[in-house]
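# Coordinates in review
Given next are the chains, with one letter for each unit.
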Amino acid sequence: MAESRAPLRYTLRFPAPHTHYVEVEATVPTGQKPVVELAMAVWTPGSYLVREYARHVEGVTASTPDGQGLRLDKSRKNRWRIATNDAPDITVTYRVYCREMSVRTNWIDAGFALLNGAPTFLTLADDAPRPHDIQLVLPASWHTSITGLPAVPGGAPHHYRAADFDTLVDSPILAGNPAIYPFEVDGIPHYLVNEGEGGMWDGPRAAQDVAKLVRAHRDMWGSLPYTKYVFFNMITESGGGLEHKNSTVLMTSRWHARVRKDYLAWLGLASHEFFHVWNVKRLRPVELGPFDYENEVYTKNLWTAEGITSYYTDLGVRRANLCTDDELLERLSSMIERLQTTPGRLVHPLEMASYDAWIKFYRTDENSANTTISYYTKGAVVAFLLDVKIQSATAGTKRLDDVMRLAYTYYAGEQGFTREEFRALASSVAGIDLRPWFISVLETTEELDYTEALDWLGLRFRPAPSPTPEKAWLGLITRTDHNRLLVSQVHRHTPGWQDGFNVDDEMLAIDDYRVLPVQWEARLTQYQPGDHATILVARRERLVRLAVTFGTEPPRRWILESDPGATTAQRTHCTTWLA
Ligand SMILES: [Zn+2]
């Protein structure tokens, strides 16, 4: 259907890339309509925030092929209505300012261009699928372009074709002079594309490790469902990742290749985004498609899309033999610690954290920790508990892998799954009715119960050491700004919350003795938990004295370790889980 319609054809030029602009010339088929409407997406799938991409579009013009100017009007913030004068095709030109270094926006400078579909391409607002062709005209000093899109057969260099607009949005393009490391898995070409290696990043080693991740996830799912895959590794000053059907954009620091902990985090990022090849890009919650690029879309199922993926993030690194059991346990422990020390877990149920992603997770502020919980974090911990629950209920014969594979068999593609279908499927694999448990962990703010998982695996939370030396604690999160110590978050039920601190209070003195930011931590060691003191702060230009009673910093309580008393059976379960 899409292929039979006339394509939109775009030519992209970069006459002055240091000014961060791409110039777009689009040939738009009118279908002989007197008026056509072009639209730009307001958000991009996988990143749940209205980003108003049209705000970077300027200088939109329209003309007939023989150069006759056409009347053009804006009809919405992101739409342009054009009178066609009955021309079969019209030419539309515009510029896009591209200087936001993130996985879901555009960046252009003298060295390279990273272009995403949603912030770049105006398309016909008629909802009819049709091919979109892209021809890049590169500056003389740029030698390469790469994308998950196929090249147009017999076309010029840098000429690609997306079967439809969804594919175009799902296919970022990088142009410039990146280092490209090709490798094959199952005879399918893969590319690790490093932009900004700069002598700091070991490209060949990273490519070998990424190939191991590809094999590990392939082993779980059964086969690779694409004919080409590109890892765009943007070694820039930004972070994050975004999944696509046959590529991913990763952003990382150039200093993340040399310290093991940081490199493991990068492998985790690659593992996470690659797991999305199946979970979310091909097996998705029913609400996440087909996409309406102009309106928000709500789902309670981001805990499966992102939480389950986050659980497999580190498991994938372990299965690829790129980390140790202890390193995996440490990563899982940190996730549990983060969940159990975030007050918002007692306010916002996991499914609602998913539903409210647009106004909570993607709009975090100083109070977010008190009011919500990340569906990545709690979702991953719930996925861990679900995995072990299934293993325990089936005497170790089944696990979450089986649920995901079965879900893929039933619901992959255009169909998608509902929350009820996922719960029923997990119950059928476990052989027990898991729905009451799902209600508790997904729909309520009840604390998670780790007992069953720890019992099955022969693990325990390491007994908390007593803090030494005892130090006064207020529980405030602070930041230093221009040599001023400022409160940045006040977490519920901490001494600082009870004693009346506000966000943006500037700490000036304890018991009327001046404290500089560098002295703050040392000064607190002069006091004991339970001591009273007065803290002078500057609040919106006025000085305020707060009477405080110091508390005790809670010890780190959520570190998983083998239980010394674990039975042979429990140790076997643990080995099987990690295998
Ligand atoms: Zn993700």
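### With respect to the state of the cysteines
Note on terminology: disulfide describes a covalent bond linking the sulfur atoms of two cysteines. Following the criterion strictly, the structure yields 0 disulfides and no others. The closest cysteine sulfur to the non-disulfide-bonded cysteine 323 is located on cysteine 574, 13 Å from its own sulfur.

### Some remarks on the environment of valine 193
Within the secondary structure, valine 193 sits in strand 16 (residues 188–195). Through-space distance from the C-alpha of valine 193 to that of serine 562 is 40 Å; in sequence the pair is 369 residues apart. Those residues in contact with valine 193, other than ones at most four positions away along the chain, are Ile146, Leu174, Pro178, Ala179, Ile180, Val230, Phe231, Phe232 and Asn233.

### As for the domain arrangement of the protein
Accessible area lost on assembly of the parts is the figure often given for the size of an interface. Along its sequence, the protein is organised into domain 1 (8–176), domain 2 (179–257), domain 3 (302–463 + 559–578) and domain 4 (472–552). Here the C-alpha centre of domain 4 lies 52 Å away from the C-alpha centre of domain 1.

### Description of the pairing of strand 3 (residues 35–39)
Summarising the sheet, strand 3 and strand 6 (residues 79–83) pair through 5 bridges and their orientation is antiparallel. In the strand pairing of strand 6, alanine 39 is matched with arginine 79. Direction of pairing for strand 3 relative to strand 10 (residues 123–124): antiparallel, over a ladder of 2 bridges. Within strand 10, the residue paired with leucine 38 across the bridge is leucine 124.

### So, the nonpolar core
Within the largest apolar cluster, 102 residues are counted, with the highest numbers of intra-cluster contacts made by Phe231, Leu400, Tyr450 and Trp577. Looking at this core, the element that brings in the most residues is helix 8 (residues 375–393), giving 10 residues.

Scoring rules and cut-offs
- Throughout this description, residue numbers start from 1 for each chain and increase along the sequence as written.
- The predicted nature of this model means local features are confined to residues of pLDDT at least 70 and side-chain atom pairs, given and counted, to a pLDDT of 80 or more, with totals for whole chains, interfaces and linings taken over all residues.
- Note: side-chain values were computed over all heavy atoms of the structure, leaving out hydrogens and water.
- Two cysteine sulfurs form a disulfide in these notes if their separation is within 2.5 Å.
- Runs of E in the DSSP output that reach at least two residues are strands. Runs of H or I that reach at least four are helices, and both are numbered from the N terminus.
- When checking whether two residues touch, look at their non-hydrogen atoms; a contact exists if any pair is within 4.5 Å.
- Reported domain spans reflect what an automatic or database domain assignment gives.
- Whether two strands pair comes down to DSSP finding at least two bridges between them.
- Among buried residues, those of type Ala, Val, Leu, Ile, Met, Phe, Trp, Tyr and Cys that are joined through side-chain atoms within 4.5 Å constitute a nonpolar core.
- When a residue's accessible area, from a 1.4 Å probe over protein chains only, is under 20% of the maximum for its type it is buried; when over 50% it is exposed; and in between it is partly exposed.

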